[in-house]
Amino acid sequence: MIEVFEPIIGEEEIEAVVAALRRGEISGSFGESIPAFEQEFANYVGCEYGVAVSNGSTALHVAVAAAGIGAGDEVLISSSTNIATALAVIHNGAVPVPVDSENVTWNLDLDLIEGLITEKTKAIIPVHLYGHPVDMDRFMEIARKHNLIVIEDCAESHGATCRGRMTGSFGDMACFSFYANKVITTGEGGMVTTNNKELAERLRLLRNLAFTKPRFRHEEAGFNFRMTGYQAAMGLVQFRKIEHIIAEKRRVAQTYNHFLKDIDGLQLPHEADWARNVYWMYAVVVHPEFGITRDELVDQLRADGIDTRTFFCPMNQQPCLLERTGFRAVPCPVADKLWENGLYLPSTYTLSEPVIKQIADVVRQVATNRKEAVSQL
Ligand SMILES: Cc1ncc(COP(=O)(O)O)c(C=O)c1O
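None of the values given here were measured: they were computed from a predicted structure.

Conventions used here
Residues numbered from 1 in each chain as written. Predicted model: local features only at pLDDT ≥ 70, side-chain atom pairs only at ≥ 80, totals over all residues. Heavy atoms only, no water. Core = buried A, V, L, I, M, F, W, Y, C linked by side-chain atoms within 4.5 Å. Buried < 20%, exposed > 50% of the residue type's maximum accessible area, 1.4 Å probe, protein only. Helix = DSSP H or I, 4+ residues; strand = E, 2+ residues; numbered from the N terminus. Contact = heavy atoms within 4.5 Å. Lys, Arg positive; Asp, Glu negative; His and termini not counted. Salt bridge = Lys/Arg side-chain N within 4 Å of Asp/Glu carboxyl O. Near = heavy atom within 4 Å. Polar contact = N/O pair within 3.5 Å; in protein donor to acceptor, adjacent residues only side chain to side chain. Areas by Shrake-Rupley, 256 points an atom, 1.4 Å probe, with all protein chains shown as cover. 1 Å grid on protein atoms, 1.4 Å probe; cavity = no way out; pocket = protein on both sides within 12 Å on 5 of 7 lines; lining within 4 Å. Sits in = over half its atoms within 2 Å of the grid points. Nonpolar A, V, L, I, M, F, W, Y, C, P; charged D, E, K, R; others polar. Points joined across faces, edges and corners; volume = space filled by probe spheres on them. Pairing = 2+ DSSP bridges. Arc of directions from axis to C-beta.

### A word on the nonpolar core
Stage number 1. Phe-37, Phe-41, Tyr-44, Trp-106, Tyr-130, Phe-178 and Ile-242 are the most contacted members of the largest nonpolar core, which has 40 residues in total.
Stage number 2. Taken together, the elements giving at least two residues each to this core come down to α2 (33–45), β8 (173–177), α8 (229–239), α9 (242–260), β12 (282–286) and α12 (333–341).
Stage number 3. In terms of residue count, α2 provides more of this core than any other element does, five residues in total.
Stage number 4. Ignoring sequence-local partners within four residues, the contact set of Phe-178 consists of Phe-37, Phe-41, His-158, Ile-184, Thr-185, Thr-186, Gly-187, Glu-188, Gly-189, Gly-190, Met-191 and Met-227.

What follows is the structure, given as structure tokens:
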């Protein structure tokens, strides 16, 4: 089976983890790896502060908490996203409001934001989906006009840029994931980046059970969202490869683009002229002219030993959100269609050209076979 993604872990990562363990960087916030990883990654993003946490979900959770968002507040979020974006809102007692996608980049549709703002709207979490940045220049104008707190969900967009500026450097805070399939990985892991000193201090306090003085007396209800030192040591090694990894992800995408171009009804991933897409995953959408449905294509690929994933189930359709008091199931017809018709193809950044061609040939062949079968009827 050609897996949809395989993490690439080298000897250097293994040695770095072992060395961190030998230095005693096991749990707690001790040692040199966590602050070094935080600072190097934050510098890369273009932020002054980085706060390493246990995963991307807890990065979002603690960012929403640090922003002071809670009961009675609404937070606009991209409808097409991982459930973690919405969970960060509901676990803080607030209500997520889904914003539908647009058809080209599949990111949230900026034209819909203003129509969804109410007097309860406190913040907005745009997701840079599958590695393509949201147009953050235009986005920030809208957000600032309405005094919205902006928390960028950069779980899929490490290194993606908007007019040369990194995703994660626009909002009040940005949240990254270092899960095994992310652009760089620490196994589990995440980070919040920010340029705001007070927010950085709050994030550090809240991630560490809100310990203050005297020790063991807590003014606030914090969380244990700490990263381990040996994960940060692995993160530093991964981080030093990030531009190489992005270049390889872009090579994989360009190779797919070459072999998949001009297939009727197959929408390929976009890269706006102002954007650097890091192609976290190589995502495509199957339209009716393709001849077979997305599910049929998934089955055919699987029969040929090729693994895929569907796009995200949009937030307006999530049972765990629909049952919540105050949730507004805003219609999201574009995100609904993406959930029905979108999939991503194997996207490991070491995929060779012959393997990508083999996958693309199967995609092209199943569409051709169906069209020939239909024309013979
Ligand atoms: C857009 C998005 N947000 C948040 C997350 C959550 O990250 P994690 O799996 O590290 O908790 C993910 C991925 O898993 C994601 O794709």
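Moving on from the coordinates now.
### Structural notes on unusual backbone geometry
Stage number 1. In the segment running from Lys-213 into Pro-214, the intervening peptide bond is cis, with an omega of -10°.
Stage number 2. Structurally, the position occupied by Pro-214 is in the loop between α7 (197–207) and α8.
Stage number 3. Here the phi dihedral of Phe-216 falls at roughly 80°; this positive angle occurs in a residue that is not glycine.
Stage number 4. Its place among the elements puts Phe-216 in the loop between α7 and α8.
Stage number 5. Its identity as a non-glycine residue notwithstanding, Tyr-279 has a phi of 45°, on the positive side.
Stage number 6. Note that Tyr-279 resides in the loop between β11 (275–276) and β12.

### Details of the side chain of Lys-249
Stage number 1. Its location among the elements puts Lys-249 in helix α9.
Stage number 2. Of the buried charged residues, Lys-249 lacks a salt bridge, with Glu-156 as the closest side chain of opposite charge at 10 Å.

### A closer look at the site of the ligand
Stage number 1. Not every one of the 15 residues close to the ligand is listed here, only the nearest: Gly-56, Ser-57, Asp-153, Glu-156 and Ser-177.
Stage number 2. Contact between the ligand and Asp-153: a nitrogen atom at 2.8 Å from a side-chain N or O atom of the residue.
Stage number 3. Take Glu-156: an N or O atom from its side chain is 2.5 Å from an oxygen atom of the ligand.
Stage number 4. Burial of the ligand by the surrounding chains reaches 92%, relative to a free accessible area of 380 Å².
Stage number 5. The pocket occupied by the ligand, as judged from atoms lying within 2 Å of grid points, is the largest pocket.
Stage number 6. At the level of elements, α3 (56–66) and α4 (83–90) are the ones that each hand at least two residues to the shell around the ligand.
Stage number 7. Here the shell around the ligand is built from residues that sort into five nonpolar, seven polar and three charged.

### Brief notes about the layout of surface pockets
Stage number 1. Estimates place the volume of the largest pocket at around 450 Å³.
Stage number 2. In this structure, the largest pocket is lined by 25 residues; those nearest its centre are Asn-82, Tyr-179, Asn-181, Lys-182 and Trp-280.
Stage number 3. Where the lining of the largest pocket is concerned, the elements lending two or more residues are α3, α4 and β13 (309–310).
Stage number 4. The greatest single-element share of the lining of the largest pocket, amounting to three residues, is contributed by α3.
Stage number 5. For the lining of the largest pocket, the class distribution of residues is eleven nonpolar, nine polar and five charged.
Stage number 6. Taken as a whole, the second largest pocket spans an internal volume of roughly 200 Å³.
Stage number 7. In terms of lining residues, the second largest pocket is bounded by 15 residues, among which Val-286, His-287, Pro-288, Lys-337 and Asn-341 are the most central.
Stage number 8. Of all the elements in the fold, those that place two or more residues in the lining of the second largest pocket are β12 and α12.
Stage number 9. At five residues, α12 tops the list of elements feeding residues into the lining of the second largest pocket.
Stage number 10. Residues belonging to the lining of the second largest pocket are distributed by class as follows: six nonpolar, six polar and three charged.

### Comments concerning the sheet that holds β11
Stage number 1. With antiparallel pairing, the three strands of this open sheet are ordered in space as β7-β6-β11. Each end of this open sheet is capped by a strand with a single partner; those strands are β7 (165–166) and β11.
Stage number 2. In this sheet, β11 lies alongside strand β6 (residues 161–162) in antiparallel orientation, the contact comprising two bridges. Its bridge partner lying in β11, Thr-161 is registered against Arg-276.

### Quick notes on empty space enclosed by the protein
Stage number 1. This model, assessed by the stated rule, comprises four cavities of 30 Å³ or more.
Stage number 2. Of the voids in this model, the largest cavity is the one considered here, and its volume is about 60 Å³.
Stage number 3. Of the residues assigned to the lining of the largest cavity, the class counts are eight nonpolar, four polar and no charged.
Stage number 4. Computed from the structure, the second largest cavity encloses a volume of approximately 50 Å³.
Stage number 5. As for the second largest cavity, its lining consists of Phe-5, Pro-7, Ile-8, Ala-180, Lys-182, Val-183, Thr-185, Gln-238, Ile-245 and Tyr-349.
Stage number 6. Residues of the lining of the second largest cavity, tallied by class, amount to seven nonpolar, two polar and one charged.

### Observations regarding helix α6 (residues 136–145)
Stage number 1. Every buried residue of α6 is accounted for by Met-136, Phe-139, Met-140, Ile-142 and Ala-143. Seen along its axis, α6 keeps its buried residues to an arc of 160°; they face one direction. Away from its buried face by more than 90 degrees, α6 exposes Glu-141 and Lys-145.
Stage number 2. Looking at the buried residues of α6, the elements they touch are α5 (113–116), β4 (121–125), β5 (149–153) and β6.
Stage number 3. Where α6 begins, the capping side chain belongs to Asp-135, and its oxygen is found 3.3 Å from the backbone nitrogen of Asp-137.
Stage number 4. In the segment just after α6, Asn-147 is the residue with positive phi, at about 55°.

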